[in-house]
Amino acid sequence: MPTRSSASPLPASRTEADGSAVIRVLSYNIRSMRDDTDALARVITACAPDLVLVQEAPRFFRWRKKLARLAAASDLVILSGGATASGPALLCTLRATVERTEDVLLPLTPGQHRRGFATAVVRFGGARLGVLSCHLSLQKDERQQQGGMLLDRLAGLGTPHAVAGGDLNEGPGGPTFRRLAGALQDGWATRPWGGEHTWTFAGPHRRIDAVFATPGVEVLGCGVPLGLTGVSETDLRAATDHLPVLAALRVPASPS
């Protein structure tokens with residue numbers, strides 16, 4: 001069974017009087033929706049996310065329709081990504097005001113799977129936020145290069161605050177994970193909540209999925225939503241081979 005922390009419940013999304021925003025961000029490898037999509041939608045809905053950072057979104061035949069169906073079943077809309085980012089995608093609620101989106105394809109290493117980033121700039125209340133979803137390489141050297149590209153791309157969004165998340169294919173002891181955690185706040189390490197390990201449900205023993213935030217964003221809690229009302233272990237097992245990471249963040253209001 002997955003282990004759990006004893007943290008208090010995550011706060012609900014809200015906009016504060018000073019313009020800052022509390023948001024929920026979910027990072028989830030959905031394995032191209034090859035498993036139980038009803039269970040997947042139930043897990044996402046129960047987490048009540050404002051943003052979903054998807055990895056392994058459908059990329060082939062009728063991929064837009066498949067992703068749109070998942071979004072609709074989860075009371076969300078497609079923000080960006082999918083096949084145009086080679087897998088990563090972003091979903092959001094109508095609470096988000098979208099400034100812009102961009103899907104980025106990364107350099108292709110011969111013999112390796114094509115990778116990309118799904119990115120956006122959004123506003124929640126007075127808070128302006130850059131967003132990035134990623135699925136890094138299985139190959140160590142390529143993964144390290146992509147980690148640097150992630151940090152460059154996040155900085156290039158030009159926002160005072162940003163959040164990134166995804167499947168890193170590497171645990172916290174790896175060089176790419178350490179590099180990202182050195183520049184950004186690792187949500188679980190900053191304020192653990194729920195469960196830690198994300199792969200696989202049958203015997204989770206590795207934390208290879210994570211949510212990161214830039215300095216200045218307050219991490220209110222982050223982890224696998226074990227025990228969250230509406231999230232059953234049966235659905236988690238049926239939805240995909242990864243466990244999701246849910247983070248609650250307080251994003252300061254941006255200068256006008």
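Residues numbered from 1 in each chain as written. Predicted model: local features only at pLDDT ≥ 70, side-chain atom pairs only at ≥ 80, totals over all residues. Heavy atoms only, no water.

From N to C terminus, the protein chain includes 6 helices and 13 strands. Taking 2.2 N^0.38 as the reference for a compact globule, 256 residues should give roughly 18 Å; the C-alpha atoms of the protein chain span a radius of gyration of 16 Å, in line with that estimate. Across its three principal axes, the protein chain shows a C-alpha extent of roughly 50 × 40 × 40 Å. Across the 256 residues of the protein chain, 55% fall into the buried class. Taking contacts inside the protein chain between residues at least 6 apart in sequence as the whole, the part at least 24 apart equals 73%. When the accessible area of the protein chain is evaluated, it comes to approximately 10,400 Å², of which 51% is carbon and sulfur surface. (Helix = DSSP H or I, 4+ residues; strand = E, 2+ residues; numbered from the N terminus. Rg over C-alpha atoms; globule rule 2.2 N^0.38 Å. Buried < 20%, exposed > 50% of the residue type's maximum accessible area, 1.4 Å probe, protein only. Contact = heavy atoms within 4.5 Å. Areas by Shrake-Rupley, 256 points an atom, 1.4 Å probe, with all protein chains shown as cover.)

What follows is about the nonpolar core. A general feature of soluble globular proteins is that nonpolar side chains tend to end up buried together. Counting 32 residues, the largest nonpolar core has Y28, L40 and I44 as its most contacted members. Those elements that place two or more of their residues in this core are β2 (21-29), α1 (37-47), β3 (51-55), α2 (63-73), β5 (89-92), α6 (233-239) and β13 (245-251). With 6 residues, α1 is the largest single contributor of residues to this core. Among the nonpolar cores identified, the runner-up in size contains 27 residues, and L53, A127, V245 and A247 belong to it. (Core = buried A, V, L, I, M, F, W, Y, C linked by side-chain atoms within 4.5 Å.)

On the surface, R62, K65, K66 and R69 cluster together to form a positively charged patch. By secondary structure assignment, the location of R69 is in helix α2. By relative accessible area, which is 58% here, R69 ends up exposed. (Patch = residues over 30% accessible without salt bridge, like charges linked within 9 Å, V, L, I, M, F, W, Y side chains within 5 Å. Salt bridge = Lys/Arg side-chain N within 4 Å of Asp/Glu carboxyl O. Lys, Arg positive; Asp, Glu negative; His and termini not counted. Charge placed at Lys NZ, Arg CZ, Asp CG, Glu CD.)

Below, the discussion takes up unusual backbone geometry. Despite not being glycine, M33 shows a phi value in the positive range, around 55 degrees. Turning to its location among the elements, M33 is positioned in the loop between β2 and α1. Of the residues examined, M33 reaches a relative accessible area of 16% and is grouped as buried. Look at N169: it is not a glycine, yet its phi comes out positive at around 55 degrees. Along the chain, N169 turns up in the loop between β9 (161-167) and α4 (175-183).

To continue, consider empty space enclosed by the protein. Inspection of the entire model under this criterion finds 1 cavity of 30 Å³ or more. Reported here for the largest cavity is a volume of approximately 50 Å³. Contributing to the lining of the largest cavity are 13 residues, with W188, R207, D209, G223 and V245 lying nearest its centre. Taken together, the elements giving at least two residues each to the lining of the largest cavity come down to β11 (209-213) and β12 (218-223). Among the elements that line the lining of the largest cavity, the one with the most residues is β11, at 3 residues. In the lining of the largest cavity, the residues fall into 6 nonpolar, 3 polar and 4 charged. (1 Å grid on protein atoms, 1.4 Å probe; cavity = no way out; pocket = protein on both sides within 12 Å on 5 of 7 lines; lining within 4 Å. Points joined across faces, edges and corners; volume = space filled by probe spheres on them. Nonpolar A, V, L, I, M, F, W, Y, C, P; charged D, E, K, R; others polar.)

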